[in-house]
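Residue strings, one per chain:
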Amino acid sequence: MTAFNLGPLALPLAVLPWLAGVIVAWILAAWRRRRKRPDAEPVLSWMLFSGLIGARLAFVLRYLDQYTGPLAMLDVRDGGFWWPGAVLGALAGLALARWRGHRKALAEAGRVGVAGAVAALLTGLALAPLRAGDAPLPEATLYDLGGTPVALTDATQGRLTLINLWASWCPPCRREMPVLQQGQTDYPAVRFLYANQGEDADTVRQYLSTGGLRLERVLLDPHRDLGRALGGGLPTTLLVDDRGRVVNSHLGPLSPASLRHFLRPHLPSDPE
């Protein structure tokens, strides 16, 4: 499982502990303010927004050569955030809050911050059994464009494999396709497999032809068996090791930088 579905909204499981921590901290700060405690919300706001900016800035600097310009750097739809920058940004936010005159609220912010951290930790532990990381790949039978059945375990055997779940009607999927196509050249150690969700072969062929796409291996998942097993939205990208275990997952479109970040720890020539 890679995401939690809330109606039409799909939230990555990795985001939920952070979200739980923020919500608990904010609720507790509001409750304590009503009991005449110092107002911690301004300090929490400075820390939150500074942390987000720091995480994005750190990610951009880390993969600066992957960005084509300022607009691409500002486009956070690729999910490009790096946690060391978040820590430094939050500390900078704390210093800014102190400089702005919120000294009395610093201790109060520390108390509710600890409560938020505990909530995030407990949420992460509760979700750990559901996460796809280092889990066996779900069993599913896909079909090539000629209609021949292909067992997913056979299609991923013996090599690091990226599996992209997509559909031609999905705008984020369409946006990331050129990135994945270029990735086939940039990362020759990785097999790229595209599992179309719920469309027929003619629709897929027409989309590939119209877009001038040359994708490594396109398979059909007509009943969305793989998508249902993972519980995520589109696009979803998995990374499967040579033993058939899911070692990474990403919900949402990939940019060149976030694709690099997604693959980097698992590339044999670029360990991390």
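Residue indices follow the written sequence of each chain, beginning from 1 at its first position. Under the rules for a predicted model, residues below a pLDDT of 70 receive no local features and side-chain atom pairs below 80 are neither given nor counted, while totals for whole chains, interfaces and linings still include all residues. To get the side-chain values, take all heavy atoms of the structure and skip hydrogens and water.

**Comments concerning the confidence of the model for the chain**
Moving on, step 1. pLDDT is a residue-level measure of predictor confidence that goes from 0 to 100. The predicted model of the chain has a mean per-residue pLDDT of 88, with 92% of residues at 70 or higher.
Moving on, step 2. Helix and strand assignments follow DSSP, with helices taken as H or I runs no shorter than four residues and strands as E runs no shorter than two, numbered in order from the N terminus. The lowest-confidence element of the chain is strand β1 (residues 3–6), averaging 60 in pLDDT; the highest-confidence one is strand β7 (residues 191–197), averaging 97.

**Let's talk about the pairing of β7**
Working note: regular strand, side chains alternate between the two faces of the sheet.
Moving on, step 1. The classification of residues rests on relative accessible area computed with a 1.4 Å probe and restricted to protein chains. Under 20% of the type maximum is buried, over 50% is exposed, and intermediate values are partly exposed. Buried residues dominate β7, accounting for 7 of its 7 residues.
Moving on, step 2. Burial along β7 is two-sided: Arg191, Leu193, Ala195 and Gln197 and Phe192, Tyr194 and Asn196, pointing in opposite directions, are all buried.
Moving on, step 3. At least two bridges found by DSSP between two strands is the condition for calling them paired. Strand direction decides the pairing type here: strand β6 (residues 161–166) and β7, joined by 6 bridges, are parallel. Across the sheet, the residue bridging to Ile163 is Leu193, located in β7.
Moving on, step 4. A right-handed crossover is one whose linking path, passing over the helix from the first strand to the second, runs clockwise when the strands point away from the viewer. Once you follow β6 into helix α7 (residues 171–186) and on to β7, the crossover reads as right-handed.
Moving on, step 5. In this fold, β7 hands off to helix α8 (residues 201–211), which returns the chain to strand β8 (residues 218–221); that crossover is right-handed.

**Here's the deal with unusual backbone geometry**
Excluding glycine, residues mostly have negative phi values, and the peptide bonds linking residues are mostly trans.
Moving on, step 1. A cis amide bond links Leu234 to the next residue, Pro235, at an omega of -5 degrees.
Moving on, step 2. Of note, Pro235 is situated in the loop between α9 (225–230) and β9 (236–240).
Moving on, step 3. With a phi angle near 70 degrees, Lys36 is a residue other than glycine that sits in the positive phi range.
Moving on, step 4. Residue Lys36 is classed as exposed on the basis of its relative accessible area, which comes to 77%.
Moving on, step 5. Of note in this structure, Arg224 is not a glycine but carries a positive phi near 55 degrees.

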